[in-house]
Amino acid sequence: KAPDSEDGFGVSVAIDGSTVVVGAYRAGTSGAVYIFDINDPSDNYGEIKVSPPELGGEDPRFGSSVAISEAIYNTIAVGADGADDGRGAAYVYDYDGNYVTTLTAPGAAADDEFGTSVAIFKKLVVVGSFHGEAAYVFPRSANYEYAVTLAAADGAKGFGRAVAVDGDKIVVGAPAGEAAYVFRATGGWDTTTPDYAYTKLLASDATAGDEFGSSVAVRGDAVVLGAHGDDDTGGSQLGSAYAFRTT
């Protein structure tokens, strides 16, 4: 796609197999998301444009974050962290762009920015709220009813800026607090009452401004955390990534 001026096309991306999802959070008046099949022989790769339901607020930023499940689970999540005067929202679609449901944070306040980050495992959706400093878990088995709020017990700032999920582990970054948290649920998260504990991850060489936890990824026992402000390698904000093994 050749984006229109100032659409913000590419602000968020996700891929599974041949299906690519791209956010354009400034498209139109509310934002948009595009779904492509890179194996489609047509010039536009089978482009599907997804526009949001009617959103409140001056700058909804639909598409500010996106995530996609494996094809067998047919699920896409889209964050709109500016919706409803910054309370935020997230939306669930299938691979064909058909609307499934809307997710919101219980008790959200203006400028919480629920939807700053989204992640999917199978049909489980996790949504981060950057200024709300929380992450929310929505299990498919409960028809995406809200299940639990994750937060930093020590009040680390920026919690929810980045989220990732794989199996029984959810990772949440708190870059303003130079930390990340690994939450592990005994029996998994696909329940309305998960039993979980957490581990806090820190960089051994952390300094203020590193933004450790600004990006997060998890696969099995491996966790990778970004610190884009780190300058330990000799240059200003060259950045670093840290790999951890969790058990």
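The preceding data block contains the structure.
Below you will find a few notes about this structure. These numbers come from a predicted model, not from an experiment.

Attention now goes to the overall build of the chain. Regarding its fold elements, the chain presents 1 helix and 19 strands. Computed over its C-alpha atoms, the radius of gyration of the chain comes to 17 Å, within 12% of the 18 Å expected for a compact globule of 247 residues. Seen through its principal axes, the chain has C-alpha atoms that stretch 50 × 45 × 35 Å. Within the chain, buried positions represent 50% of all 247 residues. If you take every contact in the chain between residues at least 6 apart in sequence, the share linking residues at least 24 apart comes to 42%. Accessible surface computed for the chain: about 11200 Å², of which carbon and sulfur atoms make up 46%. A gap of 5 Å separates the mean positions of the 15 positive and 35 negative side-chain charges of the chain.

This paragraph deals with the sheet that holds strand S1 (residues 9-16). Overall, antiparallel pairing links the 4 strands, which are arranged S1-S2-S3-S4 in an open sheet. The outermost strands of the open sheet, each flanked by one partner alone, are S1 and strand S4 (48-50). On average, each strand axis in the sheet is tilted by 20° relative to the strand beside it, whichever way the strands run. Here strand S2 (residues 19-24) runs beside strand S3 (residues 32-37); their pairing, made up of 6 bridges, is antiparallel. Bridge assignment links Thr19 to a residue of S3, and that residue is Asp37.

Cut-offs and rules
Residues numbered from 1 in each chain as written. Predicted model: local features only at pLDDT ≥ 70, side-chain atom pairs only at ≥ 80, totals over all residues. Heavy atoms only, no water. Helix = DSSP H or I, 4+ residues; strand = E, 2+ residues; numbered from the N terminus. Rg over C-alpha atoms; globule rule 2.2 N^0.38 Å. Buried < 20%, exposed > 50% of the residue type's maximum accessible area, 1.4 Å probe, protein only. Contact = heavy atoms within 4.5 Å. Areas by Shrake-Rupley, 256 points an atom, 1.4 Å probe, with all protein chains shown as cover. Lys, Arg positive; Asp, Glu negative; His and termini not counted. Charge placed at Lys NZ, Arg CZ, Asp CG, Glu CD. Pairing = 2+ DSSP bridges. Axes fitted to C-alpha atoms, helices over the stretch in contact; angles between N-to-C directions.

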